[in-house]
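Structural features, examined
So you can see what is in the structure, the chains are spelled out below.
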Amino acid sequence: MARVHVLRGQDRVFGFTLDEQGANLPRRYGPWTTFKTIELHHDEPYQGVDVSACLDDIRKHGFHLTAAHKRITDLAASVMSERALVLGGGGASGNAWAIGVIAGLFDAGLDVTQADLIVGTSAGSTVAAQITGTTRPAELLAAILAAVPQPRTGAAGPGAGRVPIGPAANHMERTGAILAAAKDAADMRRRMGTAALEMDAGADGSAQAQWRATVAARLPSQSWPQQPMLIVAVDAHSGEPAVFDRHSGVELADAVAASCANGFGVPPYTIGERRYIDGGYRANENADLAAGYARVLVLSPLGGRSRHPLDWGTHLAAQADELRARGSRVETIFPDSNSQNALGVGVNMMDPSTRPPAARAGYELGRALAERLTEFWR
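Since we're looking at a predicted model, the values are computed, not measured.

Moving on, we come to helix α5 (residues 137-146). All buried positions along α5 are accounted for by Pro137, Leu140, Leu141 and Ile144. Along α5, the residues classed as buried sweep out an arc of 100° about the axis, all on the same side. Packed against the buried residues of α5 are α3 (91-107), α4 (123-131) and α12 (355-377).

Below, the structure written as structure tokens:
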């Protein structure tokens, strides 16, 4: 048995989904309005509904679509299965900037929140979870702009939480030394994990509960979206990358908290018997996880820059070239000069006072780019 929500779209299109809000239904057939809720059983007919096709489509695609009583699910899914949105790390200001860009695009008529795949890393994982919730981009932007400015006595995590400036500043020095000593990316991740675990040895674990509460409070929904979303972290014990999705058995807030745990200002994050550190130690954007998608849009608050040596192949430019070699079209959005001034540099990107100006700069950039990107995305 399945409790299925039926929503009405435009031009006699109806969507059937397990999502009460219909958040996973194709936006181009919307706006969607609630019609009714029904209970379907595979072995029981329901008037006006092909029960087997409906339940099979929901299992495969997350929704079942009809137009004038004819099934159009495959048509809708085939159009939708082409676009990937990649959201890179960049601290508190990077999070705000990316939300601003997405809100600017949205208000100019281009909705990228309904991508067929969203990849989120570090601050980008928070953005991914925020834009796939029930809150619209404009509301997310408004919340940033309305936040009461905080004195610069601390550095923020990926959203707006704060940790002491000292650890944040020392973080750059410590990680720089590890990068210089590492022979390759895998060695670097192992060294980062080991150093983070050693720093946290003997701690009472209270920081984890506080960090989870901080992260969870930022998310409009505590549930994974129906659309595919990948959240990247790194196993602190092995140095191996970890990619969470809604099938991983990990709660969304835990996945985001792990992806944002830089291991120094924010201790390694425990999920089950493993501990995890920031997904940015794999790559700032992890655009390579969008392989196989025809169109890949990357938002990089760091402008594609990386502290990793070029020959490690983790730079965005290298990953974008590989995607193009496999047949993907790739577009990147980097901070313009106005955005760069607002974002700050290095540790300044962790300062919560940079969030409002970064969000405003991102919004203006998004509106300016919308017309050029519309043909690419649609």
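Structure's up, so let's keep going.
Below, the discussion takes up the side chain of Asp200. Position of Asp200 relative to the elements: it lies in helix α7 (residues 185-200). By relative accessible area, which is 16% here, Asp200 ends up buried. Residues within four places of Asp200 in sequence aside, it is in contact with Pro267, Pro268 and Arg275.

Attention now moves to the environment of Thr314. Among the structural elements, Thr314 can be located in the loop between β14 (295-299) and α10 (316-325). Through-space distance from the C-alpha of Thr314 to that of Asn284 is 8.0 Å; in sequence the pair is 30 residues apart. The contacts of Thr314, once residues within four sequence positions are left out, are Ala185, Arg282, Ala283, Ser306, His308 and Gln319. A distance of 2.7 Å separates a polar atom in the side chain of Thr314 from a polar atom in the side chain of His308.

Looking now at α3. The first and last C-alpha atoms of α3 sit 24 Å apart over 17 residues, in line with the 24 Å expected at 1.5 Å per residue. Most of α3 sits out of view: 16 of its 17 residues are buried.

Attention now goes to the pattern of salt bridges. Here the structure, examined in full by the defined rule, presents 15 salt bridges. We note a salt bridge from Asp57 to Arg71, for which the minimum N-O separation is 2.8 Å. Placement of Asp57 in helix α1 (residues 51-61) and of Arg71 in strand β5 (residues 70-71) is noted, with a sequence separation of 14 residues between them. Under the relative-accessibility criterion, Asp57 is labelled buried at 5%.

As a further point, take the pairing of strand β1 (residues 2-8). Among the 7 residues of β1, 5 are classified as buried, and the element is accordingly described as predominantly covered. In this sheet, strand β2 (residues 13-17) lies alongside β1 in antiparallel orientation, the contact comprising 4 bridges. Pairing of Val6 across the sheet is with Phe16, part of β2. Counting the residues between successive antiparallel strands, the hairpin from β1 to β2 contains 4 residues, one of them, Asp11, with a positive phi of roughly 55°.

What follows covers the packing of aromatic side chains. Per the counting criterion, the structure on display carries 3 aromatic pairs. Between Phe244 and Tyr276, the ring centres sit 5.3 Å apart and the planes meet at 75°, which makes this aromatic pair edge-to-face. With Phe244 in strand β11 (residues 241-244) and Tyr276 in strand β13 (residues 274-278), the pair connects residues that are 32 residues apart, well separated along the chain. Like Phe244, the residue Tyr276 is buried in the burial classification. Here Phe376 and Trp377 contribute two aromatic rings whose centre-to-centre distance is 6.5 Å and whose plane-to-plane angle is 45°, an arrangement assigned as tilted. Accessibility expressed as a relative area gives 1% for Trp377, which makes it buried.

Take unusual backbone geometry next. We note that His69 has phi near 70°; this positive angle belongs to a residue other than glycine. Tracing the sequence through the fold places His69 in the loop between β4 (63-67) and β5. Unusually for a residue other than glycine, Asn286 sits at a positive phi of about 60°. Topologically, Asn286 is positioned in the loop between β13 and β14.

As a further point, take the confidence of the model for the protein. Taken as a whole, the protein shows an average pLDDT of 89; of its residues, 92% reach a score of 70 or greater. The element-level mean pLDDT for the protein is lowest in strand β8 (residues 154-156), coming to 38, with helix α9 (residues 252-259) highest at 98. In this model residues 151-167 is a low-confidence stretch, pLDDT under 50, and it forms 54 contacts with partners more than four residues away in sequence or in other chains.

With that out of the way, let us pick up the pairing of strand β10 (residues 229-235). Counting buried positions along β10 gives 7 out of 7 residues, so the element sits mostly inside the fold. In β10, alternate side chains face the same way, and those of Met229, Ile231, Ala233 and Asp235 on one face and Leu230, Val232 and Val234 on the other are all buried. One ladder, built from 4 bridges, connects strand β7 (residues 117-121) with β10; its direction is parallel. Among the inter-strand pairings, Val119 is bridged to a residue of β10, identified as Leu230. Here β10 runs beside β11; their pairing, made up of 4 bridges, is antiparallel. Of the residues in β11, the one forming a bridge with Ile231 is Phe244. Here β10 folds back onto β11 in antiparallel fashion, the turn holding 5 residues, of which Gly239 has a positive phi close to 80°. In the sheet, β10 pairs with β13 via 3 bridges, with the strands oriented antiparallel. Residue pairing across strands places Val234 opposite Ile277, the latter belonging to β13.

About the thresholds
- Residues numbered from 1 in each chain as written.
- Predicted model: local features only at pLDDT ≥ 70, side-chain atom pairs only at ≥ 80, totals over all residues.
- Heavy atoms only, no water.
- Buried < 20%, exposed > 50% of the residue type's maximum accessible area, 1.4 Å probe, protein only.
- Helix = DSSP H or I, 4+ residues; strand = E, 2+ residues; numbered from the N terminus.
- Arc of directions from axis to C-beta.
- Contact = heavy atoms within 4.5 Å.
- Polar contact = N/O pair within 3.5 Å; in protein donor to acceptor, adjacent residues only side chain to side chain.
- Expected span 1.5 Å × (residues − 1).
- Salt bridge = Lys/Arg side-chain N within 4 Å of Asp/Glu carboxyl O.
- Pairing = 2+ DSSP bridges.
- Phe/Tyr/Trp six-rings, centres within 6.5 Å; stacked < 30°, edge-to-face > 60°.
- pLDDT = per-residue confidence, 0-100.

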